[in-house]
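# Observations on chain architecture
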Amino acid sequence: KEWVILCIILQWIFGFVFSIPQIIFYDKDCNSQFRGRIYVLILVVIVPSFIYIITNLIIFNHARTSTNRVQALNQQENKTFSRRDLYLLKHMIVVYCIFVGGWSPIYLFSIINYNDTFNPNIGPILTLIATLSLLLIIINLLIYNNELRKYLKNKIFRCSDI
């Protein structure tokens, strides 16, 4: 319980600290807005991408060592990736590509289009793509997480008369 509270507090602190440059350095000047858009791209796409890569490398390394321990108990000397490891790696890559492919275009477009010279319909289309990528990640989580799927089924069907 304390760990959850600490994580929530840290998340609020980081959110506040990372938004300070946007508040302090905001100016109607175009250069300031351009730098602000680059800052937002870095905070929304690049930093989470690095965090995602690092955490998933740790998870994959843990899963891989777990697989190697089980294979050692079974006296199998196989140095190739198991099917489970490849499945996990493929899933991590797909989720990463969905995230970066969905959220990068809108922030890159805001940097490129700082003078509003492009078609005004492009922004809403890119916003829709970003929203759809979020929906795809949630659907992916529901499809590939058996425990979550079972939990949601129990909660939903317990409350209904079906």
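Residues numbered from 1 in each chain as written. Predicted model: local features only at pLDDT ≥ 70, side-chain atom pairs only at ≥ 80, totals over all residues. Heavy atoms only, no water.

Defined as follows: UniProt positions are given in the numbering used here, feature names are shortened, and annotations may be inferred rather than shown by experiment.
If you check an unreviewed UniProt entry, the protein appears there as G-protein coupled receptors family 1 profile domain-containing protein from Adineta steineri. Here is the UniProt Subcellular location (unreviewed entry) comment for the protein, exactly as written: "Membrane".

### As for the overall build of the protein
Where we set the bar: Comment: elements are numbered from the N terminus, with helices defined as DSSP H or I runs of at least four residues and strands as E runs of at least two. Categorising residues by exposure relies on relative accessible area from a 1.4 Å probe, with only protein chains included: less than 20% of the type maximum marks a residue as buried, more than 50% marks it as exposed, and the intermediate range marks it as partly exposed. We call two residues in contact when some of their heavy atoms are within 4.5 Å. With residues, only the protein chains shown are counted as cover, and all accessible areas are computed by Shrake-Rupley using a 1.4 Å probe.
Looking only at helices and strands, the protein features 5 helices and 0 strands. Here the protein holds 162 residues, and the buried ones make up 19% of them. For the protein, the share of sequence-separated contacts (at least 6 apart) that also reach a separation of at least 24 residues comes to 56%. When the accessible surface of the protein is split by element, carbon and sulfur atoms take 70% of a total near 12800 Å².

### A closer look at the pattern of salt bridges
Opposite charge on two side chains lets them pair, provided their charged atoms get close. Put simply, the rule reads: A pair is scored as a salt bridge if a Lys or Arg side-chain nitrogen falls within 4 Å of a carboxyl oxygen belonging to Asp or Glu.
Summed over all chains, the structure comprises 1 salt bridge. For the salt bridge of Arg 64 with Asp 85, the shortest nitrogen-to-oxygen distance reads 3.3 Å. Residue Arg 64 is located in helix α2 (residues 30-73), and its partner Asp 85 is located in helix α3 (residues 83-112); the two are separated by 21 residues in the primary sequence. There is no split in this pair, since Arg 64 and Asp 85 are both buried.

### So, the packing of aromatic side chains
Stated precisely, the cut-off is as follows: Stacked, tilted and edge-to-face are the three classes applied to pairs of Phe, Tyr and Trp rings, where Trp contributes its six-membered ring and a pair requires centres within 6.5 Å; stacked means planes under 30 degrees apart, edge-to-face means over 60, and tilted covers the rest.
The tally for this structure, following the rule as stated, stands at 5 aromatic pairs. Ring centres of Phe 109 and Phe 118 lie 5.7 Å apart, and the angle between their planes is 55°; this geometry places the pair in the tilted category. Under the relative-accessibility criterion, Phe 109 is labelled buried at 14%. By relative accessible area, Phe 118 is classed as partly exposed at 40%.

### Some details on the layout of surface pockets
Going by this rule: Both cavities and pockets are sets of points on a 1 Å grid over the protein atoms alone; in a cavity a 1.4 Å probe fits but cannot get out, in a pocket the set is open with protein on both sides within 12 Å along at least five of seven lines, and lining residues sit with an atom within 4 Å of a point. Grid points are joined across faces, edges and corners, and a volume is the space filled by probe spheres set on the points.
Space inside the largest pocket adds up to approximately 540 Å³. Lining the largest pocket we find 17 residues, and of these Tyr 52, Asn 56, His 91, Met 92 and Val 95 sit closest to its centre. Elements that contribute at least two residues to the lining of the largest pocket include exactly α2, α3 and α4 (122-144).

### Description of the nonpolar core
Inclusion rule: Working definition of a nonpolar core: buried Ala, Val, Leu, Ile, Met, Phe, Trp, Tyr and Cys residues. They are joined through side-chain atoms within 4.5 Å.
Within the largest apolar cluster, 7 residues are counted, these being Leu 41, Val 45, Ile 106, Tyr 107, Phe 109, Ile 111 and Leu 126. Listing elements by their share of this core, those giving two or more residues are α2 and α3. It is α3 that contributes the most residues to this core, 4 residues altogether. Those residues in contact with Leu 41 that lie beyond four places of it in its chain are Ile 46, Tyr 107, Leu 108 and Ile 111.

### As for the UniProt feature "transmembrane region" (unreviewed entry) in the protein
In the UniProt entry, the feature "transmembrane region" (unreviewed entry) is given for residues 5-26, 38-59, 93-112 and 124-144. Structurally, residues 38-59 comprises 100% helix and 0% strand, and the distance from its first C-alpha atom to its last is 30 Å. Its end C-alpha atoms 30 Å apart, residues 124-144 is made of 100% helix and 0% strand.

### Section: a nonpolar patch on the surface
Our working rule: Residues qualify for a patch when their relative accessible area is over 30% and they have no salt bridge, like charges being joined within 9 Å and the nonpolar side chains of Val, Leu, Ile, Met, Phe, Trp and Tyr within 5 Å.
There is a patch of nonpolar side chains on the surface, built from Trp 3, Ile 5, Leu 6, Ile 9, Leu 10, Ile 13, Phe 14, Phe 16, Val 17 and Phe 18 and spanning about 990 Å² of accessible area. If you trace the backbone, Leu 6 turns up in helix α1 (residues 2-24).

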